[in-house]
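# Summary of the model geometry
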Amino acid sequence: MGKRIIFTGGSGKAGRHVVPYLLERGHQVLNIDLVPLDHPGVNTLAADLTDSGQAFNALSMHFGFDGLETGRGPAPVDAVVHFAAVPRILIRPDNVTFAANTVSTYNVIEAAVKLGIRKIVIASSETTYGVCFAEGDKDYHSFPLTEDYDVDPMDSYGLSKVVNEKTARAFAMRSGADIYALRIGNVIEPHEYDRFPAFIADPPSRKRNAWSYIDARDLGQIVHRCVETDGLGFQVFNAVNDTITAWEPTRPFLERWAPRTPITAEIGEFDAPISNRKIRDVLGFREEHDWRRYVPKP
Ligand SMILES: NC(=O)c1ccc[n+]([C@@H]2O[C@H](COP(=O)([O-])OP(=O)(O)OC[C@H]3O[C@@H](n4cnc5c(N)ncnc54)[C@H](O)[C@@H]3O)[C@@H](O)[C@H]2O)c1
C-alpha cells in the first residue's frame, strides 16, 4: 500500500526524478522546498528547514486541501526523505554550506522523531569518501569503497554530510526509529548520458567521483526500497549504479589510474569502485539504467 511521504528538496536535480518515481509506486508525497516543484499531484510547502520552527510545523501539516475532508487533522506520516541541502561547495560561503546542511538535517530528523515518524531517509554523499572536493590529488585508502570506510573529507560540504550521518545515528539510538543515510554518487539525469564519452576519454577527470554514478531514476528505486524496508535502525548505504564508468574491467582500470590505492576486497569484473553490494543484498536494489544502455561503444 502507498505510504505518506514528506520529501524535502524535491524541487532539485535529484528530487524531480525521485518524487515522480515514488508517486508511480502509489505513494503520496508532500514536497518541502524553498522553491516549487512543477509536478501534478504534489504540493510544495515553501519552508526554510534551517529554522526548527518551520521544520516542525511543515512536518505536521496537511499534504493538500483534500486533507481537510476527514475533519480529524493531518493523517500520520510514514516516512520523511530529506534531500534539501546546499548540494556542493562553491555555491555559498563554506560556513553557510556547513551550517545550512548540518542544522537543516538536525532540524528535520529531530522534528520527525519527536513527531513520531518512524522512517527517515537522508541524503549523504560520495564526498564523504574524501576525494571529491579535496585539495590536490588525494588518493582513496583502498578499493572497493564500502560503507565501513574511514570517511575523511577535508571540505565544508563533505564534512557536513559526515556530521549528518552522526546526527542520524544519534537520533536512531535515542528513538529506535529507522534512519538510513544514502551516500549518493554523482547524480545523472537522463539527458546527461551525452557527457559519458568525455568522462571515458579522460579517466583522471572522474577520479573525484570514483568512476561511479547514480541514475536519478535508479535513485528513486533506492529511496522507494528504503521506504519499504523496515526495522534496520541506523544504516549507511552507498547509492550508486552497479558498474564502473569505463569500458575496461575494473581491476586493470584501477591499477592503471589509481596505482597508489590497494584493492583490498573482492571486486567484480565491471563493479563500480564505490560498492553497491549492500543496497543489492539488503534492500534488493536492481539497477534499471546501466549507462551502457545510453552510450554507444566506440
Ligand atoms: N547531485 C549530486 O550529484 C549529489 C551527489 C551526492 C549527494 N547529493 C545530495 O542529494 C541531495 C539532492 O541534491 P540535488 O543535486 O538534487 O540538489 P539541488 O540543489 O538540485 O536540490 C536541493 C533542493 O533543496 C532545496 N533547499 C536548499 N536549502 C533549503 C532549505 N534551507 N530549506 C528548504 N529547502 C532547501 C533547494 O531549493 C533545492 O530545490 C542533496 O542533499 C545533495 O547534497 C547530490
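Here is a short report on the structure shown in this document. These figures come from a predicted structure and were not determined experimentally.

What follows concerns the nonpolar core. With 30 residues, the main nonpolar core has Phe 83, Leu 182, Ile 184 and Leu 219 as its most contacted residues. Every residue in contact with Ile 184, bar those within four places of it in the chain, is listed here: Phe 83, Ala 123, Ser 124, Ser 125, Glu 126, Ile 214, Leu 219 and Ala 239. In terms of nonpolar packing, the next biggest core, distinct from the first, is built from 27 residues, Leu 30, Ala 58, Ala 111 and Ala 177 among them.

Quick look at the site of the ligand now. The environment of the ligand is formed by 25 residues, the closest being Lys 13, Ala 14, Asp 33, Tyr 157 and Val 187. In the model, an oxygen atom of the ligand is placed 2.8 Å from a nitrogen or oxygen of the Ala 14 main chain. One nitrogen or oxygen atom from the side chain of Lys 161 is found 2.9 Å from an oxygen atom belonging to the ligand.

To continue, consider the pattern of salt bridges. All told, the structure shown has 15 salt bridges when counted by the stated rule. Between Asp 230 and Lys 119 there is a salt bridge, and its shortest N-O distance comes to 2.6 Å. Within this pair, whereas Asp 230 is found in the loop between helix H6 (216–228) and strand S9 (234–239), its partner Lys 119 is found in strand S5 (residues 119–125), the two being separated by 111 residues in sequence. Owing to a relative accessible area of 52%, Asp 230 belongs among the exposed residues under this scheme. When its relative accessible area of 2% is taken as the criterion, Lys 119 is described as buried. Across the salt bridge formed by Asp 139 and Lys 207, the nearest N and O atoms sit 2.8 Å from each other. Taken together, the residues span a long stretch of sequence, with Asp 139 in the loop between S5 and helix H4 (156–175) and Lys 207 in the loop between helix H5 (196–201) and strand S8 (214–215) at a distance of 68 residues. Connected via shared salt-bridge partners are Asp 137, Asp 139, Lys 207 and Arg 260.

The subject of this paragraph is the pairing of S9. Within S9, five of the six residues are buried, which leaves the element mostly enclosed by the surrounding structure. Two elements, strand S6 (residues 178–184) and S9, share six bridges in a ladder whose sense is parallel. Bridged to Ile 184 within S9 is Ala 239.

Attention shifts here to the sheet that holds strand S4 (residues 79–82). With parallel pairing, seven strands are arranged side by side in an open sheet as S3-S2-S1-S4-S5-S6-S9. Single-partner strands in this sheet number two, and they are strand S3 (43–46) and S9. Taken over all neighbouring pairs, the strand axes of this sheet differ in orientation by 20 degrees on average, direction set aside. One ladder, built from seven bridges, connects S5 with S6; its direction is parallel. Across the sheet, the residue bridging to Lys 119 is Asp 178, located in S6.

Calculation notes
Residues numbered from 1 in each chain as written. Predicted model: local features only at pLDDT ≥ 70, side-chain atom pairs only at ≥ 80, totals over all residues. Heavy atoms only, no water. Core = buried A, V, L, I, M, F, W, Y, C linked by side-chain atoms within 4.5 Å. Buried < 20%, exposed > 50% of the residue type's maximum accessible area, 1.4 Å probe, protein only. Contact = heavy atoms within 4.5 Å. Near = heavy atom within 4 Å. Polar contact = N/O pair within 3.5 Å; in protein donor to acceptor, adjacent residues only side chain to side chain. Salt bridge = Lys/Arg side-chain N within 4 Å of Asp/Glu carboxyl O. Helix = DSSP H or I, 4+ residues; strand = E, 2+ residues; numbered from the N terminus. Pairing = 2+ DSSP bridges. Axes fitted to C-alpha atoms, helices over the stretch in contact; angles between N-to-C directions.

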